[in-house]
Amino acid sequence: MILILRPNVTRESDDFRQLSAHLAQFSNIRSRIHEERGEQQTLTEVYLIGNTAALDIDDMRALPGVERVVRVSEEYRILGRHHDEQRSCEFVYNGVRFGQDNLNVFAGLCAVDTPEHVELMLRALQAHGQQCTRMGAYKPRTNPYSFQGHGKQCLPYVFDLAGKYGIKVIAMEVTHESHVDEIRNALHATGQATGVMLQIGTRNTQNFELLKIVGRQLEFPVLLKRGFGITLEESLNAAEYLASEGNRMIVFGLRGMKTNMGDPHRNFVDFAHVPVVKRLTRMPVCIDPSHSVGSREASPDHVMDMMHVTAQGVIAGANMILVDFHPAPSKALVDGPQALYLEELPWYLEDVAIAREAYEKRISAARKSAKNFPGI
Ligand code: PEP
Ligand code: MN
């Protein structure tokens, strides 16, 4: 059960003290406090853990400081969408809003290679009105002899250039807690020229110690990729690990599943799960067409498979797109064959806008009609 307190009822207030005294009477129930500090107000949530079935919702609602009471199901206690609960998990980071109702595009380099390529990429993004990107510095590779990313050595120029071209958020994978410190220090050294969304890759979805460390820091939002060989439920529980440590700025990423049956794509595209994740949880959902399709193959209609699947994810309500571009894909050190050319950026963005508009029209149609069909 979650008690949502009235805005600005904080740990220091009288209401909170009285509430705590009341809760202390329940010997078989523990409480855990979560504070969300916004610019205008602080929102406090009290998580009651234990035998809460015996508690009466109306009694709890009448306690000092309590505004609302949510009875949570066992699944995804913090991130889940319990019953018909409308609380959102939206957040604003470095001026960019992430929610289940909007869309941010993160086009960029799979792996940082040279400052020149970083600059060409960022300049193109700025020219097309973009404020987010992806830049891999720490690359977990299947083969130990493959390029492993430039690591902390590239962070100063990546962050400086991002600041120069007005980029607000960079999605960057981390595979070890030291990477979080390196990113924090490098951002500090550049006077916080930009912001970073820490990415947990598919190979680390169930690296629970990494999840706990990344979940415990409250400075950076987190993009958690779905594990490519585990169930959706297991991946959503991995997101819950992050939340249970305190971080609520979480985006869930779909990136295709391993099937190894000679499929035409690198992974089996799972973007049909966009609405499923939005129904089960309150997290914004990201799609990664590059790592799921893995090539620039096009069909006879001249549309690349990568653009087709992007449109499929967006028309189903995706909230973020992570996509590989490169100024010279043949020279890319990682995943060149799946990178789109910078010259294709306006075409890609136009295609995304078409799909988004179609999604918005579908939502209006659903609003009009769904009321006639009880149960939807
Ligand atoms: C990536 O986005 O660069 C990446 C390695 O993705 P994934 O973890 O989904 O393979
Ligand atoms: Mn890649």
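Summary of the structure given here. (Residues numbered from 1 in each chain as written. Chains lettered and ligands numbered in written order. Predicted model: local features only at pLDDT ≥ 70, side-chain atom pairs only at ≥ 80, totals over all residues. Heavy atoms only, no water.)

**Quick notes on the coordination of the manganese ion (ligand 2)**
Around the manganese ion (ligand 2), the protein supplies Cys110 (SG), His291 (NE2) and Asp335 (OD) as donor atoms, at distances of 1.9 to 2.3 Å. Written as a sequence motif, the donor residues of the manganese ion (ligand 2) are C-x180-H-x43-D. On the criterion of sequence distance, the pair formed by His291 in helix α9 (residues 289–293) and Asp335 in the loop between β14 (320–326) and β15 (340–341) is long-range, its members being 44 residues apart. (Donors = N, O, S within 2.8 Å, 3.2 Å for Na, K, Ca; no water. Helix = DSSP H or I, 4+ residues; strand = E, 2+ residues; numbered from the N terminus.)

**Concerning the side chain of Gln130**
Its place among the elements puts Gln130 in the loop between α3 (115–127) and β8 (132–134). Separated by 3.1 Å, the side chain of Gln130 and the backbone oxygen of His128 make a polar contact. The contact partners of Gln130, leaving out residues within four places of it in the chain, are Val105, Leu125, Ile167 and Leu349. (Polar contact = N/O pair within 3.5 Å; in protein donor to acceptor, adjacent residues only side chain to side chain. Contact = heavy atoms within 4.5 Å.)

**Examining the environment of Gln217**
Mapping Gln217 onto the fold places it in the loop between α6 (208–216) and β11 (222–225). If we ignore the near neighbours within four places in the chain, the residues touching Gln217 are Val180, Arg184, Leu198, Val222 and Asn247. There is a polar contact of 3.0 Å between the side chain of Gln217 and the backbone oxygen of Val214. A distance of 2.8 Å separates a polar atom in the side chain of Gln217 from the backbone nitrogen of Phe220.

**Comments concerning empty space enclosed by the protein**
A complete count under the given rule lists one cavity of 30 Å³ or more for this structure. Estimates place the volume of the largest cavity at around 40 Å³. Taken together, Leu109, Cys110, Ala111, Asp324, Phe325, His326, Ala332, Val334, Asp335, Gly336 and Ala339 make up the lining of the largest cavity. Residue classes in the lining of the largest cavity are distributed as seven nonpolar, two polar and two charged. (1 Å grid on protein atoms, 1.4 Å probe; cavity = no way out; pocket = protein on both sides within 12 Å on 5 of 7 lines; lining within 4 Å. Points joined across faces, edges and corners; volume = space filled by probe spheres on them. Nonpolar A, V, L, I, M, F, W, Y, C, P; charged D, E, K, R; others polar.)

**A look at the sheet that holds strand β4 (residues 66–70)**
Reading across the sheet, the four strands line up as β2-β3-β1-β4 and stay open at both edges, with antiparallel pairing between neighbours. The sheet terminates laterally at β2 (29–37) and β4, the two strands that pair on one side only. On average, each strand axis in the sheet is tilted by 20 degrees relative to the strand beside it, whichever way the strands run. Here strand β1 (residues 2–5) pairs with strand β3 (residues 42–50) via three bridges, running antiparallel. Looking at the pairing, Leu3 lines up with Val46 of β3. Against the sheet, helix α1 (residues 14–23) makes contact with β1, β2, β3 and β4, and its axis sits at roughly 5 degrees relative to β3, the strand it touches most. (Pairing = 2+ DSSP bridges. Axes fitted to C-alpha atoms, helices over the stretch in contact; angles between N-to-C directions.)

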